[in-house]
Amino acid sequence: MRVTVVGSGFVGQTTAMRIVQKGLAEVVLIDIIEDLPQGLALDINESSPVERFEPSVVGTNDYADTMGSDVVVITAGFPRRPGMSRMDLLGKNAAIVRDVVEKTAPGSPEAVLIVVTNPLDEMAYLAAEVSGFPKQRVMGMAGVLDSARLRYFIAGELGVSPLVVEAMTLGSHGESMVPLPRHATVDGKPLADLVDGTTLERLYERTRDGGAEIVALLQKGSAYYAPSASITQMVNAIAADTKEVLPVCAWCTGQYGIDGVYVGVPARLGRGGVEEIVELDLNEDEIAQLRAAADGIRSKCADLAKL
Ligand SMILES: NC(=O)c1ccc[n+]([C@@H]2O[C@H](COP(=O)([O-])OP(=O)(O)OC[C@H]3O[C@@H](n4cnc5c(N)ncnc54)[C@H](O)[C@@H]3O)[C@@H](O)[C@H]2O)c1
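Small disclaimer: the values here were computed from a predicted structure and weren't measured.

**Brief notes about the overall build of the protein**
On a plain count of helices and strands, the protein comes out with ten helices and 14 strands. Here the C-alpha radius of gyration of the protein, 19 Å, is about what a compact globule of 307 residues would show, namely 19 Å. Split into buried and exposed, the 307 residues of the protein put 51% on the buried side. Taking contacts inside the protein between residues at least 6 apart in sequence as the whole, the part at least 24 apart equals 68%. Just so you have it, the protein exposes about 13,500 Å², and 52% of that area is on carbon and sulfur atoms.

**So, the site of the ligand**
The immediate surroundings of the ligand are formed by 28 residues, with Val 11, Asp 31, Phe 78, Val 116 and Met 141 found nearest. His 173 is positioned with one of its side-chain polar atoms (N or O) 3.0 Å from an oxygen atom of the ligand. Protein chains bury 90% of the 870 Å² of accessible surface belonging to the ligand in isolation. Residue assignment for the shell around the ligand shows that the elements contributing at least two residues are α1 (10–21) and α4 (90–104). Top contributing element to the shell around the ligand by residue count: α4, with four residues.

**Describing α1**
Between the first and last C-alpha of α1 there are 17 Å, a value that for twelve residues agrees with the 16 Å anticipated at 1.5 Å per step. Listed in full, the buried residues belonging to α1 are Val 11, Gly 12, Thr 14, Thr 15, Ala 16, Ile 19 and Val 20. On its buried face, α1 sits against β1 (2–6), β2 (26–30), α2 (36–46), β3 (57–60) and α9 (225–239). Just downstream of α1 lies Gly 23, where phi reads positive at about 70 degrees.

**So, the pattern of salt bridges**
Applying the stated criterion to the full structure yields eleven salt bridges. Between Glu 129 and Lys 135 there is a salt bridge, with the nearest N and O atoms lying 3.6 Å from each other. A residue is classified by how much of its surface remains accessible, and Glu 129, at 43% relative accessible area, is partly exposed. A salt bridge links Glu 276 to Arg 268, with the shortest nitrogen-to-oxygen separation between them at 2.9 Å. Here Glu 276 falls in the partly exposed class, since its relative accessible area comes to 37%. Connected via shared salt-bridge partners are Asp 241, Lys 243 and Glu 275.

**Let's talk about the environment of Thr 169**
Inspection of the secondary structure puts Thr 169 in strand β8 (residues 169–171). Counting along the chain gives 78 residues from Thr 169 to Pro 247, while the straight-line C-alpha distance between them is 7.0 Å. Residues contacting Thr 169, with those up to four places away along its chain left out, are Gly 143, Asp 146, Ser 147, Leu 150, Met 177, Val 178 and Pro 247.

Cut-offs applied
- Residues numbered from 1 in each chain as written.
- Predicted model: local features only at pLDDT ≥ 70, side-chain atom pairs only at ≥ 80, totals over all residues.
- Heavy atoms only, no water.
- Helix = DSSP H or I, 4+ residues; strand = E, 2+ residues; numbered from the N terminus.
- Rg over C-alpha atoms; globule rule 2.2 N^0.38 Å.
- Buried < 20%, exposed > 50% of the residue type's maximum accessible area, 1.4 Å probe, protein only.
- Contact = heavy atoms within 4.5 Å.
- Areas by Shrake-Rupley, 256 points an atom, 1.4 Å probe, with all protein chains shown as cover.
- Near = heavy atom within 4 Å.
- Polar contact = N/O pair within 3.5 Å; in protein donor to acceptor, adjacent residues only side chain to side chain.
- Expected span 1.5 Å × (residues − 1).
- Salt bridge = Lys/Arg side-chain N within 4 Å of Asp/Glu carboxyl O.

Now the structure itself:
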(Lines give C-alpha, C1' and ligand atoms only; values in the text may rest on other atoms or scores of the structure.)
Protein backbone atom coordinates (compact mmCIF):
# COMPACT_ATOMS: atom_id res chain seq x y z
CA MET A 1 0.00 0.00 0.00
CA ARG A 2 1.41 3.35 -1.04
CA VAL A 3 0.04 6.61 0.34
CA THR A 4 1.13 10.02 -0.94
CA VAL A 5 0.70 12.93 1.45
CA VAL A 6 0.83 16.24 -0.42
CA GLY A 7 1.87 19.14 1.79
CA SER A 8 4.51 18.59 4.46
CA GLY A 9 3.22 21.20 6.90
CA PHE A 10 1.84 20.36 10.31
CA VAL A 11 -1.08 18.25 9.11
CA GLY A 12 0.90 16.46 6.38
CA GLN A 13 3.92 15.56 8.49
CA THR A 14 1.88 14.30 11.47
CA THR A 15 -0.27 12.25 9.09
CA ALA A 16 2.82 10.66 7.52
CA MET A 17 4.14 9.80 10.95
CA ARG A 18 0.88 8.25 12.14
CA ILE A 19 0.47 6.15 8.97
CA VAL A 20 3.93 4.57 9.15
CA GLN A 21 3.84 4.15 12.92
CA LYS A 22 0.65 2.14 12.52
CA GLY A 23 2.23 0.16 9.67
CA LEU A 24 -0.61 1.00 7.27
CA ALA A 25 1.47 1.85 4.21
CA GLU A 26 4.66 3.33 2.87
CA VAL A 27 4.33 7.10 2.60
CA VAL A 28 5.57 9.56 0.00
CA LEU A 29 5.66 13.01 1.58
CA ILE A 30 5.86 15.89 -0.91
CA ASP A 31 5.95 19.69 -0.75
CA ILE A 32 6.99 22.63 -2.89
CA ILE A 33 9.53 23.71 -0.28
CA GLU A 34 12.86 22.13 -1.18
CA ASP A 35 14.44 19.77 1.36
CA LEU A 36 11.53 20.09 3.83
CA PRO A 37 9.87 16.71 3.11
CA GLN A 38 13.28 15.04 2.83
CA GLY A 39 14.27 16.34 6.28
CA LEU A 40 10.96 15.34 7.83
CA ALA A 41 11.10 11.86 6.26
CA LEU A 42 14.62 11.35 7.62
CA ASP A 43 13.54 12.48 11.09
CA ILE A 44 10.46 10.23 11.14
CA ASN A 45 12.42 7.24 9.84
CA GLU A 46 15.10 7.78 12.48
CA SER A 47 12.44 7.24 15.17
CA SER A 48 11.65 3.77 13.78
CA PRO A 49 14.05 1.72 15.95
CA VAL A 50 12.53 3.28 19.07
CA GLU A 51 8.90 3.27 17.97
CA ARG A 52 9.32 -0.06 16.18
CA PHE A 53 7.92 0.47 12.69
CA GLU A 54 9.17 0.07 9.12
CA PRO A 55 11.09 3.26 8.18
CA SER A 56 9.15 3.79 4.95
CA VAL A 57 8.65 7.53 4.54
CA VAL A 58 10.14 9.02 1.36
CA GLY A 59 10.48 12.81 1.22
CA THR A 60 10.48 14.44 -2.21
CA ASN A 61 9.73 17.51 -4.32
CA ASP A 62 9.25 15.41 -7.47
CA TYR A 63 5.77 14.15 -8.40
CA ALA A 64 7.33 11.26 -10.34
CA ASP A 65 7.98 9.68 -6.92
CA THR A 66 4.24 9.65 -6.13
CA MET A 67 3.31 7.45 -9.12
CA GLY A 68 1.19 4.38 -8.45
CA SER A 69 -0.20 5.61 -5.13
CA ASP A 70 -3.26 3.83 -3.74
CA VAL A 71 -4.32 6.80 -1.63
CA VAL A 72 -3.44 10.49 -2.03
CA VAL A 73 -4.02 12.79 0.94
CA ILE A 74 -4.08 16.49 0.04
CA THR A 75 -3.04 18.80 2.87
CA ALA A 76 -1.27 21.43 0.75
CA GLY A 77 -2.52 24.95 1.30
CA PHE A 78 -2.81 27.82 3.74
CA PRO A 79 -4.28 27.28 7.20
CA ARG A 80 -6.39 29.91 8.94
CA ARG A 81 -5.01 32.72 11.07
CA PRO A 82 -6.89 34.17 14.04
CA GLY A 83 -10.08 35.92 12.92
CA MET A 84 -10.22 34.18 9.52
CA SER A 85 -13.06 31.91 8.40
CA ARG A 86 -12.28 28.79 6.38
CA MET A 87 -14.01 30.46 3.43
CA ASP A 88 -11.40 33.26 3.46
CA LEU A 89 -8.97 30.61 2.13
CA LEU A 90 -11.08 29.75 -0.92
CA GLY A 91 -9.23 31.66 -3.68
CA LYS A 92 -5.64 30.92 -2.62
CA ASN A 93 -6.23 27.28 -1.74
CA ALA A 94 -8.28 26.55 -4.86
CA ALA A 95 -5.22 27.42 -6.96
CA ILE A 96 -3.03 25.14 -4.83
CA VAL A 97 -5.47 22.19 -4.85
CA ARG A 98 -5.92 22.48 -8.63
CA ASP A 99 -2.14 22.46 -9.12
CA VAL A 100 -1.64 19.49 -6.79
CA VAL A 101 -4.42 17.38 -8.32
CA GLU A 102 -3.18 18.09 -11.86
CA LYS A 103 0.24 16.80 -10.81
CA THR A 104 -0.82 13.73 -8.80
CA ALA A 105 -3.89 12.31 -10.54
CA PRO A 106 -2.29 11.28 -13.88
CA GLY A 107 0.44 9.23 -12.16
CA SER A 108 -1.98 7.53 -9.74
CA PRO A 109 -5.12 7.02 -11.83
CA GLU A 110 -6.58 4.36 -9.51
CA ALA A 111 -6.01 6.28 -6.28
CA VAL A 112 -8.55 7.30 -3.68
CA LEU A 113 -8.20 11.05 -2.95
CA ILE A 114 -8.72 12.34 0.58
CA VAL A 115 -8.90 16.14 0.58
CA VAL A 116 -8.05 17.98 3.79
CA THR A 117 -7.28 21.52 2.59
CA ASN A 118 -9.85 24.14 3.59
CA PRO A 119 -12.47 25.20 2.81
CA LEU A 120 -12.95 21.45 2.92
CA ASP A 121 -16.25 20.76 1.19
CA GLU A 122 -15.49 23.05 -1.76
CA MET A 123 -11.93 21.71 -2.14
CA ALA A 124 -13.26 18.14 -2.26
CA TYR A 125 -15.56 19.16 -5.13
CA LEU A 126 -12.69 20.92 -6.93
CA ALA A 127 -10.40 17.89 -6.57
CA ALA A 128 -13.10 15.64 -8.02
CA GLU A 129 -13.65 17.99 -10.97
CA VAL A 130 -9.94 18.44 -11.75
CA SER A 131 -9.02 14.76 -11.34
CA GLY A 132 -11.97 13.47 -13.35
CA PHE A 133 -11.97 10.48 -10.98
CA PRO A 134 -15.24 8.71 -10.20
CA LYS A 135 -16.77 10.68 -7.34
CA GLN A 136 -16.72 7.71 -4.94
CA ARG A 137 -12.91 7.83 -5.12
CA VAL A 138 -12.74 11.47 -3.98
CA MET A 139 -13.76 12.50 -0.47
CA GLY A 140 -13.01 15.08 2.18
CA MET A 141 -11.99 14.73 5.83
CA ALA A 142 -13.98 16.78 8.33
CA GLY A 143 -16.70 14.70 9.99
CA VAL A 144 -14.32 12.31 11.76
CA LEU A 145 -12.54 15.33 13.26
CA ASP A 146 -15.69 17.24 14.23
CA SER A 147 -17.15 14.06 15.74
CA ALA A 148 -13.92 13.39 17.69
CA ARG A 149 -14.02 16.91 19.10
CA LEU A 150 -17.66 16.51 20.08
CA ARG A 151 -16.99 13.13 21.71
CA TYR A 152 -14.10 14.63 23.68
CA PHE A 153 -16.22 17.58 24.87
CA ILE A 154 -19.11 15.29 25.88
CA ALA A 155 -16.69 13.06 27.82
CA GLY A 156 -15.25 16.10 29.62
CA GLU A 157 -18.71 17.38 30.51
CA LEU A 158 -19.79 14.04 31.97
CA GLY A 159 -16.42 13.04 33.47
CA VAL A 160 -16.21 9.78 31.48
CA SER A 161 -13.69 8.29 29.06
CA PRO A 162 -14.07 9.53 25.43
CA LEU A 163 -13.95 5.84 24.49
CA VAL A 164 -17.49 5.26 25.81
CA VAL A 165 -18.93 8.23 23.88
CA GLU A 166 -20.42 7.73 20.42
CA ALA A 167 -21.47 10.80 18.44
CA MET A 168 -21.50 11.85 14.81
CA THR A 169 -21.71 15.21 13.07
CA LEU A 170 -22.81 15.64 9.47
CA GLY A 171 -23.27 18.63 7.14
CA SER A 172 -20.51 21.07 6.35
CA HIS A 173 -17.15 21.66 8.04
CA GLY A 174 -18.07 24.95 9.67
CA GLU A 175 -21.19 26.94 10.46
CA SER A 176 -23.58 24.39 9.00
CA MET A 177 -22.36 21.39 10.95
CA VAL A 178 -25.30 19.12 11.79
CA PRO A 179 -25.08 17.44 15.21
CA LEU A 180 -27.26 14.39 15.78
CA PRO A 181 -28.32 14.31 19.45
CA ARG A 182 -30.68 11.37 18.92
CA HIS A 183 -27.79 9.25 17.66
CA ALA A 184 -25.28 10.17 20.40
CA THR A 185 -24.74 7.75 23.28
CA VAL A 186 -22.63 7.53 26.43
CA ASP A 187 -22.00 3.99 27.64
CA GLY A 188 -24.92 3.00 25.40
CA LYS A 189 -27.34 5.50 27.01
CA PRO A 190 -28.86 8.28 24.90
CA LEU A 191 -26.95 11.53 25.40
CA ALA A 192 -30.18 13.54 25.54
CA ASP A 193 -31.13 11.66 28.76
CA LEU A 194 -27.86 12.68 30.43
CA VAL A 195 -27.55 16.42 29.70
CA ASP A 196 -30.10 19.21 29.28
CA GLY A 197 -30.79 21.11 26.07
CA THR A 198 -28.71 24.15 27.06
CA THR A 199 -25.67 21.99 27.79
CA LEU A 200 -26.11 20.14 24.49
CA GLU A 201 -26.21 23.44 22.61
CA ARG A 202 -23.05 24.63 24.40
CA LEU A 203 -21.21 21.41 23.47
CA TYR A 204 -22.30 21.73 19.83
CA GLU A 205 -21.27 25.34 19.66
CA ARG A 206 -17.81 24.54 21.03
CA THR A 207 -17.50 21.73 18.46
CA ARG A 208 -18.62 23.98 15.61
CA ASP A 209 -16.02 26.55 16.69
CA GLY A 210 -13.45 23.90 17.67
CA GLY A 211 -11.04 24.78 14.86
CA ALA A 212 -11.20 28.52 15.61
CA GLU A 213 -10.60 27.90 19.33
CA ILE A 214 -7.29 26.21 18.49
CA VAL A 215 -6.35 28.80 15.85
CA ALA A 216 -6.82 31.54 18.47
CA LEU A 217 -4.63 29.69 20.98
CA LEU A 218 -1.85 28.74 18.55
CA GLN A 219 -1.82 32.17 16.86
CA LYS A 220 0.28 30.70 14.01
CA GLY A 221 -1.54 27.97 12.11
CA SER A 222 -4.34 25.58 12.93
CA ALA A 223 -4.91 22.17 14.53
CA TYR A 224 -3.01 19.10 13.39
CA TYR A 225 -2.94 16.33 15.99
CA ALA A 226 -6.67 15.55 15.92
CA PRO A 227 -6.87 16.22 12.15
CA SER A 228 -4.01 13.80 11.39
CA ALA A 229 -5.54 11.14 13.65
CA SER A 230 -8.83 11.54 11.76
CA ILE A 231 -7.15 11.30 8.34
CA THR A 232 -5.30 8.19 9.48
CA GLN A 233 -8.54 6.51 10.53
CA MET A 234 -9.89 7.11 7.00
CA VAL A 235 -6.66 5.85 5.39
CA ASN A 236 -6.87 2.72 7.52
CA ALA A 237 -10.50 2.10 6.51
CA ILE A 238 -9.51 2.33 2.84
CA ALA A 239 -6.15 0.53 3.01
CA ALA A 240 -7.43 -2.32 5.19
CA ASP A 241 -10.81 -2.35 3.42
CA THR A 242 -12.59 -2.29 6.79
CA LYS A 243 -16.01 -1.17 5.43
CA GLU A 244 -16.51 0.92 8.57
CA VAL A 245 -19.01 3.75 8.51
CA LEU A 246 -17.43 7.15 9.14
CA PRO A 247 -18.77 10.66 8.65
CA VAL A 248 -16.99 11.96 5.54
CA CYS A 249 -17.52 14.65 2.95
CA ALA A 250 -18.91 12.54 0.10
CA TRP A 251 -20.73 13.04 -3.20
CA CYS A 252 -24.46 12.54 -2.74
CA THR A 253 -26.63 11.05 -5.45
CA GLY A 254 -30.11 11.39 -3.98
CA GLN A 255 -29.45 10.16 -0.42
CA TYR A 256 -31.35 12.26 2.14
CA GLY A 257 -32.96 13.97 -0.88
CA ILE A 258 -29.58 15.57 -1.73
CA ASP A 259 -28.18 15.22 -5.21
CA GLY A 260 -25.02 16.36 -6.99
CA VAL A 261 -23.06 17.95 -4.16
CA TYR A 262 -20.32 17.10 -1.66
CA VAL A 263 -21.50 17.21 1.96
CA GLY A 264 -20.74 15.43 5.24
CA VAL A 265 -22.69 12.15 5.46
CA PRO A 266 -22.09 8.71 7.00
CA ALA A 267 -20.17 6.66 4.45
CA ARG A 268 -18.96 3.08 4.32
CA LEU A 269 -15.26 3.21 3.42
CA GLY A 270 -13.27 0.46 1.76
CA ARG A 271 -10.70 -0.12 -0.94
CA GLY A 272 -13.01 1.47 -3.51
CA GLY A 273 -13.35 4.70 -1.49
CA VAL A 274 -16.91 5.62 -0.55
CA GLU A 275 -18.64 2.27 -1.12
CA GLU A 276 -22.03 3.34 0.23
CA ILE A 277 -23.66 6.41 1.73
CA VAL A 278 -25.53 5.15 4.73
CA GLU A 279 -28.96 6.67 5.30
CA LEU A 280 -29.57 7.06 9.02
CA ASP A 281 -33.02 7.50 10.43
CA LEU A 282 -33.05 11.33 10.57
CA ASN A 283 -36.05 13.40 11.60
CA GLU A 284 -37.45 16.24 9.49
CA ASP A 285 -35.47 18.90 11.29
CA GLU A 286 -32.17 17.02 10.90
CA ILE A 287 -32.82 16.42 7.20
CA ALA A 288 -33.70 20.10 6.73
CA GLN A 289 -30.40 21.11 8.38
CA LEU A 290 -28.45 18.67 6.20
CA ARG A 291 -30.12 19.95 3.04
CA ALA A 292 -29.43 23.56 4.07
CA ALA A 293 -25.74 22.68 4.56
CA ALA A 294 -25.69 21.03 1.12
CA ASP A 295 -27.32 24.08 -0.49
CA GLY A 296 -24.70 26.35 1.11
CA ILE A 297 -21.86 24.20 -0.23
CA ARG A 298 -23.47 24.06 -3.68
CA SER A 299 -23.56 27.83 -3.93
CA LYS A 300 -19.93 28.18 -2.81
CA CYS A 301 -18.91 25.59 -5.41
CA ALA A 302 -20.62 27.76 -8.02
CA ASP A 303 -18.40 30.65 -6.82
CA LEU A 304 -15.36 28.45 -7.57
CA ALA A 305 -16.19 28.56 -11.25
CA LYS A 306 -15.91 32.38 -11.17
CA LEU A 307 -12.36 32.35 -9.73
N1 LIG B 1 -10.34 19.37 6.93
C2 LIG B 1 -9.95 19.60 8.16
O3 LIG B 1 -10.61 19.22 9.11
C4 LIG B 1 -8.66 20.34 8.40
C5 LIG B 1 -8.04 20.29 9.66
C6 LIG B 1 -6.82 20.95 9.82
C7 LIG B 1 -6.26 21.68 8.76
N8 LIG B 1 -6.91 21.73 7.58
C9 LIG B 1 -6.36 22.44 6.44
O10 LIG B 1 -5.22 21.74 5.96
C11 LIG B 1 -4.34 22.63 5.28
C12 LIG B 1 -2.91 22.44 5.78
O13 LIG B 1 -2.81 22.81 7.15
P14 LIG B 1 -1.37 22.82 7.88
O15 LIG B 1 -1.61 23.19 9.28
O16 LIG B 1 -0.63 21.58 7.53
O17 LIG B 1 -0.69 24.05 7.10
P18 LIG B 1 0.91 24.33 6.93
O19 LIG B 1 1.05 25.77 6.53
O20 LIG B 1 1.63 23.84 8.14
O21 LIG B 1 1.32 23.38 5.71
C22 LIG B 1 0.87 23.56 4.41
C23 LIG B 1 1.96 23.04 3.49
O24 LIG B 1 1.46 23.05 2.14
C25 LIG B 1 2.59 23.32 1.30
N26 LIG B 1 2.16 23.75 -0.03
C27 LIG B 1 1.65 24.93 -0.41
N28 LIG B 1 1.41 24.93 -1.74
C29 LIG B 1 1.79 23.72 -2.20
C30 LIG B 1 1.78 23.10 -3.49
N31 LIG B 1 1.35 23.76 -4.58
N32 LIG B 1 2.25 21.85 -3.59
C33 LIG B 1 2.70 21.17 -2.51
N34 LIG B 1 2.71 21.70 -1.27
C35 LIG B 1 2.28 22.95 -1.12
C36 LIG B 1 3.34 24.41 2.06
O37 LIG B 1 4.66 24.57 1.59
C38 LIG B 1 3.25 23.89 3.50
O39 LIG B 1 4.37 23.10 3.84
C40 LIG B 1 -4.93 24.03 5.52
O41 LIG B 1 -5.69 24.45 4.41
C42 LIG B 1 -5.82 23.83 6.73
O43 LIG B 1 -6.86 24.80 6.80
C44 LIG B 1 -8.09 21.06 7.38
